[in-house]
Amino acid sequence: MAESIDWDPVRELARRVDEGESLSLTAEVRGLLHRSAREVGIPDEEARAAVSGVATATDLLLETRRRIRDGSQRLMRALTGARRLRETGDIAGARALLEGVLAVEPVPLYREQAEMALDDLV
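On a predicted model such as this, the values are computed, not experimentally measured, just so you know. (Residues numbered from 1 in each chain as written. Predicted model: local features only at pLDDT ≥ 70, side-chain atom pairs only at ≥ 80, totals over all residues. Heavy atoms only, no water.)

Caption draft 1: A look at the environment of Ala-103. Its place among the elements puts Ala-103 in helix H5 (residues 91-104). A residue is classified by how much of its surface remains accessible, and Ala-103, at 65% relative accessible area, is exposed. Considered as a pair, Ala-103 and Leu-23 are 80 residues apart in the sequence and their alpha carbons are 33 Å apart. (Helix = DSSP H or I, 4+ residues; strand = E, 2+ residues; numbered from the N terminus. Buried < 20%, exposed > 50% of the residue type's maximum accessible area, 1.4 Å probe, protein only.)

Caption draft 2: Quick peek at the nonpolar core. Trp-7, Leu-23, Leu-33, Leu-60, Leu-61, Leu-98 and Tyr-110 are the most contacted members of the largest nonpolar core, which totals 34 residues. Put simply, the parts of the chain that give this core at least two residues each are helix H1 (8-18), helix H2 (27-39), helix H3 (44-50), helix H4 (54-87), H5 and helix H6 (108-120). Of the residues forming this core, the biggest block, seven residues, is contributed by H4. Leave out the neighbours within four places in its chain, and Leu-60 touches Leu-33, Ala-37, Ile-42, Ala-47, Ala-50 and Val-51. (Core = buried A, V, L, I, M, F, W, Y, C linked by side-chain atoms within 4.5 Å. Contact = heavy atoms within 4.5 Å.)

Caption draft 3: Region of the structure containing the packing of aromatic side chains. The tally for this structure, following the rule as stated, stands at one aromatic pair. Consider the rings of Trp-7 and Tyr-110, whose centres lie 5.7 Å apart with planes at 70 degrees: the pair is edge-to-face. Taken together, the residues span a long stretch of sequence, with Trp-7 in the segment before H1 and Tyr-110 in helix H6 at a distance of 103 residues. Residue Trp-7 shares its accessibility class with Tyr-110, and that shared class is buried. (Phe/Tyr/Trp six-rings, centres within 6.5 Å; stacked < 30°, edge-to-face > 60°.)

Caption draft 4: Inspection of the pattern of salt bridges at higher detail. One pass over the full model with this rule turns up 12 salt bridges. In this structure, Glu-63 engages Arg-67 in a salt bridge whose closest nitrogen and oxygen atoms are separated by 2.8 Å. Note that Glu-63 and Arg-67 are positioned in helix H4 at a spacing of four residues, about one turn of the helix. On the accessibility criterion, Glu-63 (25% relative accessible area) is partly exposed. Judged by relative accessible area, Arg-67 falls into the buried class, the value being 17%. When the shortest N-O distance is used, the salt bridge between Glu-99 and Arg-95 registers 3.9 Å. With a gap of four residues between them, Glu-99 and Arg-95 both fall in helix H5, about one helical turn apart. (Salt bridge = Lys/Arg side-chain N within 4 Å of Asp/Glu carboxyl O.)

Remember, this is a structural readout, not a statement about activity or role.
Here is the structure:
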């Protein structure tokens, strides 16, 4: 991916919402949510509609955080498992793990990393 990704502001904002703080839909927060939604594979139309209201923007924030967290965990498990399988000579098993990630992963950055790992198995 050409652009730099920093999901720490999303995580921090979601933490504050989890602690009971209401989401304030400033232009900065709308921009963060829209940009981050695109980075985790949420369509622009859906993100644009979501940032029009506090409830839908909060849902978008929490879904964005969920995709970041779940995708990261899924990718790390697959990369670790694929490395172990590769070390034992089970290339087919390693490929299957990475292909499993690609079958379900919506986050472009994580998909790219899984594809690179898959290419390295050749």
